[in-house]
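Structure at a glance
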Amino acid sequence: MSKIGVHSFVWSAGSSKEELEKALMRSHELGFELIEFSYLDPKQVDVKWLASRLEELGLKVAISMGLPAEGDISSGDPAVVSAGQDILDRAVALVRDLGGTKLAGILSSAHGKQERALTKKDWDTSVSALSKVADRANSAGVTLNLEIVNRFESNMLNTAAQGMAYIADTGASNVFLHLDTFHMNIEEADVGLAIRHAADKIGYVHIGESHRGFLGTGNIDFAAIFDALVAIGWNDYVTFESFSTTIVDKDLSLKTAIWRNLWSDNIALARHARQFIELGMQTARLKAELVGKAQLPTA
Ligand SMILES: [Mn+2]
């Protein structure tokens, strides 16, 4: 069995009690074991209620976010860096208060297309700022999982190797990579090799298709990805992420350039994704077993 999660934006981009309850129930009913929410503002959302609903349903939770320009911890403006650290601290607290352990997403710089290349000074500023957040997250039992995204969404961490260098610079033991097949498909020389190379630093995984729609209907080589995950002994969550103009989040839909309608039936989409991932992982395990087994003559 694989541990499979789903991003709540498959269900809704809203954060009213009714929308959150619907997202929880749909995820649970379709057999997902984790739900990922984009950062929820505790001023708008009853965090205690949400934590108790997660517990009742036996659902694990992860929170993801992308830093805004005004909270870019790689900025040359100390006030902006400090604002970014506050945003990250609040997200860590939310993860803890919901009973989770993982904060994921674009945590080391602003999310969005940048107009200039990153400098060494920007890198060092970010490493130093994130290290301090990681320290505090450690006491809260929360890991920081840095999403590696494509060049149009960040000018900092575009490959797993860059992410590993960044993690090494922080010297922190609770900072990991958050890999996403959609982004890896754009930037990595070889997605399977990149997963193997980063093996012991991977903390969280997004499974998404090249056009972010139904899995298997784009051009991503999922067999190679599932093979690599099995080869590194991955037994943590993989979370299905998909976007369509059916569900619009004002901010994220613009930053991720969701212009096309890839699906409208989210139940069919999620059911298919869960089966696709389960079967893909199962097939990869069967292959690994076959190649590892020498059948010798016994007589
Ligand atoms: Mn992602």
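Just above, that's the structure.
Note on numbering: residues in each chain are counted from 1, in written sequence order. Residues qualify for local features only when their pLDDT is at least 70, as the model is predicted, and side-chain atom pairs are given and counted only at 80 or more; totals for whole chains, interfaces and linings, by contrast, use all residues. Hydrogens and water are ignored here; the side-chain numbers use all heavy atoms of the structure.

1. Description of the sheet that holds strand E8 (residues 238–240)
Strand pairs in the sheet, formed through backbone hydrogen bonds, run parallel or antiparallel to each other. For clarity, the threshold we go by: Any two strands with at least two DSSP-identified bridges between them are counted as paired. Helical segments are the DSSP runs of H or I of at least four residues, strand segments are the runs of E of at least two, and each set is numbered from the N terminus. As a rule, the C-alpha atoms of each element are fitted with a line to give its axis, helices using only the stretch in contact, and angles between N-to-C directions run from 0 to 180 degrees. Contacts are assigned to residue pairs that have any heavy atoms within 4.5 Å of one another.
Overall, parallel pairing links the 8 strands, which are arranged E1-E2-E3-E4-E5-E6-E7-E8 in a closed barrel. If you compare each strand with its neighbour and ignore which way they point, the axes differ by 30 degrees on average. Across 5 bridges, the pairing between strand E2 (residues 34–38) and strand E3 (residues 60–67) is parallel. Bridge pairing in E3 places Phe 37 opposite Ile 63. Along the sheet, helix H1 (residues 17–29) makes contact with strand E1 (4–7) and E2, crossing E2 at roughly 150 degrees.

2. Details of unusual backbone geometry
This is how it is decided: Burial classes follow relative accessibility: with a 1.4 Å probe on protein chains only, a residue under 20% of its type's maximum area counts as buried, one over 50% as exposed, and anything between as partly exposed.
We note that Arg 212 has phi near 70 degrees; this positive angle belongs to a residue other than glycine. Within the fold, Arg 212 resides in the loop between strand E7 (202–207) and helix H8 (222–231). Judged by relative accessible area, Arg 212 falls into the buried class, the value being 4%.

3. Overview of the coordination of the manganese ion
Put simply, the rule is: Counted as coordinating are nitrogen, oxygen and sulfur atoms within 2.8 Å of the metal, or 3.2 Å for Na, K and Ca, while water is not included, which may make sites look incomplete.
In this structure, Glu 147 (OE), Asp 180 (OD), His 206 (ND1) and Glu 241 (OE) serve as the protein donors to the manganese ion, at separations of 2.0 to 2.3 Å. Positions of the donor residues of the manganese ion along the chain correspond to the pattern E-x32-D-x25-H-x34-E. Here His 206 is found in strand E7, whereas its partner Glu 241 is found in the loop between E8 and helix H9 (250–255), with 35 residues between them in sequence.

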